[in-house]
Amino acid sequence: GGAAGSIAEVVVLPALVVRTRMMVQGADRSLTAYSSFGDAIRTIYRTEGVGAFYKGLGLNVLITPLARGLYMAGAELSKETLGEGTALTDFAVGMNAQLLASIAYIPRDIVVERCAIDGQLKSQVGSTASSAAALRTILSAEGLAGFYRAFLPHQLVWVPF
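These figures come from a predicted structure and were not determined experimentally.

1. Looking at the packing of helix 1 (residues 2–24) against helix 2 (residues 37–48)
(1) Moving on: Between helix 1 and helix 2, whose axes approach to 10 Å, the crossing angle comes to 105°. Here helix 2 runs roughly perpendicular to helix 1, going by the angle between their axes. For the pair helix 1 and helix 2, contact is made by Val18, Arg21 and Met22 and by Phe37, Ala40, Ile41, Ile44 and Glu48, respectively.
(2) Moving on: For the contact of helix 1 with helix 2, the residue count by class is six nonpolar, no polar and two charged.

Now the structure itself:
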């Protein structure tokens, strides 16, 4: 499951980069504006090269198996504790598994999305040119809390599923 998850992340990362950049455009005049998904792909490729579509990949590939392992461990532990087979217990098992996996998923997502917008910003605090640079920047500028700033919204999106 962990290797398959990492492969899936490699495949979808370019689309995530484009989506993230399109979501933040308009938030600040310094951001590059794109007229369409295709325009974003062309502009990113032309101005930054193919590597821009894969910023954050290293951390993504390393953390995804850990996060999936935490999910499975949380699910198995919850099944042993709560049981399984009813809608309520199965929901609780999934919710607990997702909460545990979030320990790894949320910091991964924060770093990957910061890397995704790296070439779009005219000015920023520190560097997010790579996973390692983004980790250092977030830790030095925001502390550990910077890695969990999206904890509640993440739970509202993923816990029900």
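After presenting the structure, the write-up continues.
2. With respect to the nonpolar core
(1) Moving on: Counting residues in each nonpolar core, the largest one holds eight residues, listed as Leu59, Ile106, Ile110, Val111, Cys115, Ala134, Ile138 and Phe147.
(2) Moving on: If you list the elements that add at least two residues to this core, you get helix 4 (87–116) and helix 5 (131–142).
(3) Moving on: The dominant element in this core, judged by the number of residues it contributes, is helix 4, at four residues.
(4) Moving on: Residues Val18, Tyr34, Ile44 and Ala52 belong to the second largest nonpolar core, which totals six residues.

3. Side note on the side chain of serine 131
(1) Moving on: Position of serine 131 relative to the elements: it lies in helix 5.
(2) Moving on: Serine 131 gets classed as buried once you look at its relative accessible area, which sits at 11%.
(3) Moving on: Side-chain polar atoms of serine 131 contact the backbone nitrogen of leucine 59, separated by 3.3 Å.
(4) Moving on: Here serine 131 is in contact with Gly56, Leu57, Gly58, Leu59, Val111 and Cys115, once residues within four sequence places are set aside.

4. Some details on the pattern of salt bridges
(1) Moving on: Under the defined criterion, the tally for this structure stands at eight salt bridges.
(2) Moving on: The closest approach of N and O atoms between glutamate 48 and arginine 21, which form a salt bridge, is 2.6 Å. Residue glutamate 48 is located in helix 2, and its partner arginine 21 is located in helix 1; the two are separated by 27 residues in the primary sequence.

5. A few points about helix 2
(1) Moving on: Its 12 residues place the ends of helix 2 16 Å apart at the C-alpha level, agreeing with the 16 Å of an ideal helix rising 1.5 Å per residue.
(2) Moving on: Taken as a whole, helix 2 has its buried residues at Asp39, Ala40, Thr43 and Ile44. When helix 2 is viewed along its axis, its buried side chains cluster within an angular range of 125° and face the same direction. Residues Tyr45 and Arg46 are exposed on helix 2 and point more than 90 degrees away from its buried face.
(3) Moving on: Looking at the buried positions of helix 2, the neighbouring elements they touch are helix 1.
(4) Moving on: One or two steps after helix 2, the chain reaches glycine 49, where phi turns positive at roughly 90°.

Calculation rules
Residues numbered from 1 in each chain as written. Predicted model: local features only at pLDDT ≥ 70, side-chain atom pairs only at ≥ 80, totals over all residues. Heavy atoms only, no water. Axes fitted to C-alpha atoms, helices over the stretch in contact; angles between N-to-C directions. Helix = DSSP H or I, 4+ residues; strand = E, 2+ residues; numbered from the N terminus. Parallel < 35°, antiparallel > 145°, perpendicular 65-115°, else oblique. Contact = heavy atoms within 4.5 Å. Nonpolar A, V, L, I, M, F, W, Y, C, P; charged D, E, K, R; others polar. Core = buried A, V, L, I, M, F, W, Y, C linked by side-chain atoms within 4.5 Å. Buried < 20%, exposed > 50% of the residue type's maximum accessible area, 1.4 Å probe, protein only. Polar contact = N/O pair within 3.5 Å; in protein donor to acceptor, adjacent residues only side chain to side chain. Salt bridge = Lys/Arg side-chain N within 4 Å of Asp/Glu carboxyl O. Expected span 1.5 Å × (residues − 1). Arc of directions from axis to C-beta.

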